[in-house]
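Descriptive analysis of the structure
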Amino acid sequence: MTNFRLKQLHCTRTIMYAEPLEILRQFWGYPAFRPQQEDIVRSVLLHDDTLALMPTGGGKSLCFQVPALCMPGICIVVSPLVALMKDQVDRLRSLDIKAHLITSSLSYKEADHILDSCVHGPIKFLYVSPERLQNELFIERFKRMKVNLIAVDEAHCISQWGHDFRPAYRKISELRQWHPKVKMIAVTASATPQVAKDITEQLGMKDPSVFALPMVRSNLHYVVAEEPDPLARLVRICKKIQGSGIVYAGTRKGVRHTAEYLQSYGIHARYYHAGLSVADKESIQQQWTVGKIPIICATNAFGMGIDKSDVRFVVHTSPPDNLENYVQEAGRAGRDGNEAWAVLLWNKSQVEGYDQQIERRFPEKDQVRLTYLNLCNSYDIAFGSGQDVSFPFDLQSFSKTYNRKAHELFYDLEILELSGVIAFSEGAMLPSKVMFLMQSQVLYDFQVRNTKYDAFIRLLLRTYGGLFETYGRIDIYQLSKATGWSAAQVERTLQQLDEMEVLSYQPRSLHPTLTFLIARQDHKNLIIPSEAYSQRKERIKERWTGMQGYLDSECREQYIAQYFGDTEASTCGRCDKCMEGNKREKSLRTTLLNILAAGEHTVADIADNFSGEEKTKALDMLTEMIEEGQVSRNEDGMLLLIRES
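Described below are features of the structure shown in this document. These numbers were taken from a predicted model, which means no experiment stands behind them. (Residues numbered from 1 in each chain as written. Predicted model: local features only at pLDDT ≥ 70, side-chain atom pairs only at ≥ 80, totals over all residues. Heavy atoms only, no water.)

**Comments concerning the overall build of the chain**
As a reminder of what qualifies: The helix count covers DSSP runs of H or I at least four residues long, the strand count covers runs of E at least two residues long, and both are numbered beginning at the N terminus. Burial classes: relative accessible area under 20% of the type maximum marks a residue as buried, over 50% as exposed, and values in between as partly exposed (1.4 Å probe, protein chains only). Residue contacts are counted whenever heavy atoms from the two residues lie within 4.5 Å of one another. Residues counted as positive are Lys and Arg, residues counted as negative are Asp and Glu, and His and the chain ends are not counted. Charge placement uses NZ in Lys and CZ in Arg. For Asp and Glu, CG and CD serve respectively.
Along the backbone of the chain there are 26 helices and 21 strands. In terms of overall dimensions, the chain has a C-alpha envelope of 115 × 60 × 50 Å along the principal axes. For the chain, with 645 residues in total, the buried portion stands at 52%. For the chain, the proportion of contacts with a sequence separation of at least 24, taken over those separated by at least 6, is 74%. Across the chain, the centroid of the 76 positively charged side chains sits 7 Å from that of the 80 negatively charged ones.

Here you go:
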């Protein structure tokens with residue numbers, strides 16, 4: 001049935017040929033949409049520009065995937081992270097929905113083939129980074145695509161006020177000059193009213209429909225605790241709350257130390273960060289996803305795009321630098337609707353001196369320009385050349401070559417990336433991949449003429465499906481075992497077939513990839529825009545102030561809701577502060593009842609039992625008790641408890 005539906009989807013010429021609910025049930029197996037999801041989908045299908053502000057776990061991707069499947073043509077999805085794009089593409093393919101992604105790690109030939117299939121083939125989704133939109137090869141093919149929708153994921157990245165500002169996002173609106181009638185949907189889990197307004201303006205949205213779902217969920221309990229020893233408290237949390245959990249630490253070293261600390265107390269935990277091998281990362285993530293590893297200790301990128309709904313707790317062992325990130329990461333708990341906890345542990349030593357840390361994140365501009373010069377020289381980039389050229393990049397090796405501290409270089413590179421000069425992709429996350437370039441009959445003729453490759457080609461086709469249509473992951477060691485060859489022999493054979501253009505072979509990258517986005521220029525004239533430097537510095541300070549406000553807030557949910565624009569939000573009654581207040585209120589009421597039960601009293605007599613702020617609260621509560629009919633006054637003005645008969 002699924003294959004039949006796909007054939008229908010690609011061949012029909014009607015404006016809308018399937019109901020959204022039918023698509024949802026058929027491909028995803030969900031019986032109904034979540035609250036407001038269907039309204040958002042209908043908005044897109046009615047050809048309205050749409051902005052959807054939804055909490056983490058709210059089902060943002062379905063809001064553009066479902067309507068795109070309801071219409072003929074291809075949906076272009078702009079997304080900021082390779083890992084996030086990869087997760088969504090893998091998920092779509094697992095549902096027999098044709099999807100591709102293009103990253104800077106692909107060769108020109110590979111990107112060209114994918115874009116060609118998007119023009120002529122039955123591809124429904126193409127995921128690209130915002131930087132890719134300015135690539136000449138992409139633009140030429142984009143003009144010829146039958147585009148039904150442009151979706152902007154993590155749309156806060158477009159805003160100069162957003163917590164992950166990316167200048168390349170500002171170029172998205174230029175796509176409309178080639179497809180002016182195609183509508184856009186932008187989705188994000190973290191946008192203040194100011195950011196939301198900036199998103200719609202920068203995308204050039206025309207009278208957009210805006211859907212803002214509450215940023216907090218009733219099943220998620222927020223807790224903040226000042227702890228001199230956060231890890232000791234963490235052990236108690238992990239032992240008390242049963243089920244799967246994520247523990248976030250700020251650095252790779254901190255992630256490893258946290259996992260080892262938990263293990264020393266008999267808690268089954270593993271650590272995860274970008275420095276692990278591809279095999280280790282995939283294995284750990286898979287084991288955690290299926291519940292074999294209950295607790296994962298990770299840096300903050302972990303969890304984005306991972307479809308795991310039964311996370312019972314998310315713990316931060318130190319405060320993130322902004323509330324937007326915190327709400328996104330904390331929201332990975334309890335996505336199944338069952339009770340869950342978001343716990344933030346902190347101490348004064350973590351908070352003090354953060355202003356100095358901000359200053360270190362913004363080195364002198366001349367230092368940033370010098371790092372750009374060193375990058376160009378390292379890869380022998382000639383003046384006027386190098387645009388869209390990618391290279392493997394090792395930060396540690398680069399820092400040793402130029403006698404710089406790695407963390408200092410990281411800040412230089414971050415500013416260069418935000419300035420639109422370079423881009424990174426997480427090459428270590430990408431396994432070896434293969435796609436056949438010859439059609440099946442031509443390939444068969446090749447096998448007949450070249451018998452030494454015949455058995456190997458048949459093994460590839462038998463082991464991995466769909467290699468004529470898209471790139472498929474391959475396991476070099478599995479192929480080595482099946483052929484009896486060494487891994488090096490397998491790789492040489494794949495390289496030979498690649499050179500003969502039988503197939504396209506993309507070896508696994510062991511390092512991240514750096515791409516030069518502009519042709520080399522004199523480093524002294526390199527422009528570092530204020531959005532990437534001074535304005536961003538002020539925004540970081542403002543957001544840190546917002547995070548500090550959360551640490552001191554009287555109701556965690558109310559503070560979050562008001563921060564994201566819900567000015568009428570009331571106290572939640574669930575967070576640690578509300579629960580603490582409820583206990584104090586209950587204790588105060590009990591004290592008043594005991595005093596009144598002992599006999600008649602004047603207001604002054606009762607007030608003498610309390611002092612300071614507690615006295616004010618006791619008198620307020622006494623007034624409430626009188627209004628509620630629990631306490632009355634006699635003719636002498638004395639207060640007495642009304643006992644139930």
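**Points about the pairing of strand S3 (residues 99-102)**
Selection criterion: Pairing between two strands requires that DSSP report at least two bridges joining them.
Of the two faces of S3, the one carrying Ala99 and Leu101 and the one carrying His100 and Ile102 are both buried. Summarising the sheet, S3 and strand S4 (residues 125-128) pair through 4 bridges and their orientation is parallel. Following the sheet pairing, Leu101 is matched in S4 by Tyr127.

**Brief notes about a negative patch on the surface**
Test applied: Residues qualify for a patch when their relative accessible area is over 30% and they have no salt bridge, like charges being joined within 9 Å and the nonpolar side chains of Val, Leu, Ile, Met, Phe, Trp and Tyr within 5 Å. Note on areas: Shrake-Rupley with a 1.4 Å probe; residue coverage comes only from the protein chains shown. Think of a salt bridge as a Lys or Arg side-chain nitrogen and an Asp or Glu carboxyl oxygen that are within 4 Å of each other.
Judged by side-chain charge, Glu585, Asp620, Glu624 and Glu627 come together as a negatively charged surface patch. For the negative patch, the element with the highest residue contribution is helix H26 (residues 612-627), accounting for 3 residues. Looking at the secondary structure, you find Glu624 in helix H26.

**Here's the deal with unusual backbone geometry**
Positive phi values are uncommon outside glycine, yet Asp207 reaches one of about 45°. Tracing the chain through its elements places Asp207 in the loop between helix H8 (193-202) and strand S7 (209-212). Since its relative accessible area comes to 71%, Asp207 is described here as exposed. For Asp380, which is not a glycine, the phi torsion comes out positive at approximately 55°. As for its placement among the helices and strands, Asp380 is situated in the loop between helix H15 (365-378) and strand S14 (389-392).

**Overview of the nonpolar core**
Just so we agree on the cut-off: In this description, a nonpolar core means a group of buried Ala, Val, Leu, Ile, Met, Phe, Trp, Tyr and Cys residues linked to one another through side-chain atoms lying within 4.5 Å.
Counting residues in hydrophobic clusters, the biggest one holds 102 residues, and the most contacted among them are Leu126, Phe138, Met145 and Tyr222. Apart from residues lying up to four places away in sequence, Phe138 is in contact with Ile76, Leu115, Leu126, Val128, Arg132, Leu133 and Leu175. If you look at the next biggest cluster of nonpolar residues, it comprises 38 residues, including Ala18, Phe64, Ala99 and Phe211.

In short, geometric facts, not functional conclusions.
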